[in-house]
Amino acid sequence: MTPVDKVPVLRRGYRFQWEPAQACHVLLYPEGMIKLNDSASEIFKLIDGRQDVAAIIANLSERFPDVPGIDEDIFAFMEVASAQFWIDFL
Amino acid sequence: MLSSGSTFSKVASAKPNVPKPGPPLWLLAELTYRCPLQCPYCSNPLDFAKHGKELTTAQWIEVFRQSREMGAAQLGFSGGEPLVRQDLAELIKAARDMGYYTNLITSGIGLTEKRIAEFSEAGLDHIQISFQAADEEVNNMLAGSKKAFAQKLAMARAVKAHGYPMVLNFVTHRHNIDRIERIIDLCLELEADFVELATCQFYGWAELNRAGLLPTRAQLANAERITNQYRARLQAQNHPCKLIFVTPDYYEERPKACMNGWANLFLDITPDGTALPCHSARQLPVEFPNVLEHSISHIWNESFGFNRFRGDDWMPEPCRSCDEKHKDFGGCRCQAFMLTGDASNADPVCSKSAHHGVILAAREEAERASQGMQALTMRNEKASRLIVKV
């Protein structure tokens, strides 16, 4: 599992942005694009190269108190995003 | 924003079975057909010499603006060699400011440290450099340039030094595919983030030279096996480099879902402003609109050319009654046209096609072919004028 004191940052050349025509956030990278669902987007919004995983969990747990197991979801996301090389850890 | 509701109702009432297209997410700007190299598998049309006109800086920027409004997010600067456009940095900046992810697709010829820095300043997101081979001699022969290989190596290193993500593209064919190990090693040495090992697709100049380019089935299987070994090794090392292996559809029994469906997410604007749903559609007997006469919204949603093969009403048998027609859309319209004479036919790659024999014959020819590289027709203006009366 990703240690909570790691700071995720987008891989160089990867960009997260809102696309009005698709009405969703996307991750853009060389010649590719991934449409993100709402929960992935909420996590990506907090990946700024400053906040560690613990801070991201705290932030989202506070904003979405009714979502059970949100920390597990965030850990799972970090695993996938890192395995796909979308993010690096500082 | 595009008023898609009203546009749709117009299209829908005229052609009830043409589904509303999604946005043109991918915009390819073929800025010019000029190129210092002469690759015999170039995807440009054979008659490029008669389409010499190019859109101005302002006209290109207007294309970017309208396409972005329609939802385009990825923008590829291509050609020809896009670096011959002196306004490239200006075009990059305009596109990046609109929110595009900007990709420069180049041979590396004409690139300098200074221009790399200039593009970086303009906001360029990524650079793709294409190689002809991993060996200097073969590379230069295929490129038709003695200095090409050394220049590409230097520029690939400079691209990484400037912090760009880098894609390296190798078009593979019977003359270089057996060196796939050396190709992948070179890409890893140059720290490519993505490597495209793209077996030649037979359009444009590649179709003209097909017999001299199509690898044998054994060559292809060997290359794929080696690529998979590298993939396993990279994964074990948690190495970020991704290897993308594109097989030629000539060895398939079902056609590719070409462009993910006709005019479905890809919009190609050629140097003179003619809009196409794919790189090679210009050769089809279909009239395509030009951005100098029509808005991108009209071109994408309403033009005849872009609606010509949307949906499935146009399909004859065997596609019409095929339960896979929504999976592969009957394959590639250009390939159907080139190999059967009718763009509506099933792509002959499909074993259900009455014309599948053409593909089988090409495979057999690949087993027997013994022509050297010297026999390939190089892509240049002189050959273009000779082949197609301009």
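The structure presented is a predicted model; accordingly, all values stated were derived computationally and were not measured. (Residues numbered from 1 in each chain as written. Chains lettered and ligands numbered in written order. Predicted model: local features only at pLDDT ≥ 70, side-chain atom pairs only at ≥ 80, totals over all residues. Heavy atoms only, no water.)

A look at the sheet that holds strand 6 (residues 194-199) of chain B
Residues and elements named next belong to chain B. Strands sit in the order 7-6-5-4-3-2-1-8-9 across an open sheet of 9 strands; the sheet is mixed. Each having just a single partner strand, strand 7 (242-246) and strand 9 (275-276) make up the two edges of the open sheet. Across 5 bridges, strand 1 (residues 26-30) lies against strand 2 (residues 74-78) in parallel orientation. What sits directly across from Ala29, in strand 2, is Phe77. (Pairing = 2+ DSSP bridges. Helix = DSSP H or I, 4+ residues; strand = E, 2+ residues; numbered from the N terminus.)

Concerning the UniProt feature "domain: Radical SAM core" (unreviewed entry) in chain B
The feature "domain: Radical SAM core" (unreviewed entry), as given by UniProt, occupies residues 21-237 of chain B in the numbering adopted here. Regarding residues 21-237 of chain B, the helix share stands at 44% and the strand share at 16%, and the terminal C-alpha atoms are separated by 42 Å. (UniProt positions renumbered as here; feature names shortened; annotations may be inferred.)

Remarks on the side chain of His51(B)
Residue and element names in this part refer to chain B. Looking at the element boundaries, His51 is found in the loop between strand 1 and helix 2 (57-70). For His51, a relative accessible area of 15% puts it in the buried group. Reaching out from His51, the side chain makes a polar contact with the side chain of Arg282 at a distance of 3.3 Å. Leave out the neighbours within four places in its chain, and His51 touches Tyr33, Asp272 and Arg282. (Buried < 20%, exposed > 50% of the residue type's maximum accessible area, 1.4 Å probe, protein only. Polar contact = N/O pair within 3.5 Å; in protein donor to acceptor, adjacent residues only side chain to side chain. Contact = heavy atoms within 4.5 Å.)

Observations concerning helix 6 (residues 148-161) of chain B
Residues and elements named next belong to chain B. Counted at 1.5 Å a residue, the expected span for helix 6 with its 14 residues is 20 Å, and the 20 Å between its end C-alpha atoms agrees. Those residues of helix 6 lying buried are Ala148, Phe149, Lys152, Leu153, Met155, Ala156, Ala158 and Val159. On the buried face of helix 6, the contacting elements are helix 4 (113-122), strand 4 (126-131), helix 5 (136-143), strand 5 (166-172) and helix 7 (180-189). One or two steps after helix 6, the chain reaches Gly163, where phi turns positive at roughly 85 degrees. (Expected span 1.5 Å × (residues − 1).)

A few points about the packing of helix 5 of chain B against helix 6 of chain B
Think of two packed helices as two axes; the pair is described by the angle between the axes and how far apart they sit. All names here are of chain B. Running from N to C, helix 5 and helix 6 point in directions that differ by 105 degrees, and their axes come no closer than 8 Å. Taken together, the axes of helix 5 and helix 6 are roughly perpendicular relative to one another. Of the residues in helix 6, those touching helix 5 at Glu136, Asn139, Asn140 and Ala143 are Ala148, Phe149, Ala150 and Lys152. Tallied by class, residues from the contact of helix 5 with helix 6 come to 4 nonpolar, 2 polar and 2 charged. (Axes fitted to C-alpha atoms, helices over the stretch in contact; angles between N-to-C directions. Parallel < 35°, antiparallel > 145°, perpendicular 65-115°, else oblique. Nonpolar A, V, L, I, M, F, W, Y, C, P; charged D, E, K, R; others polar.)

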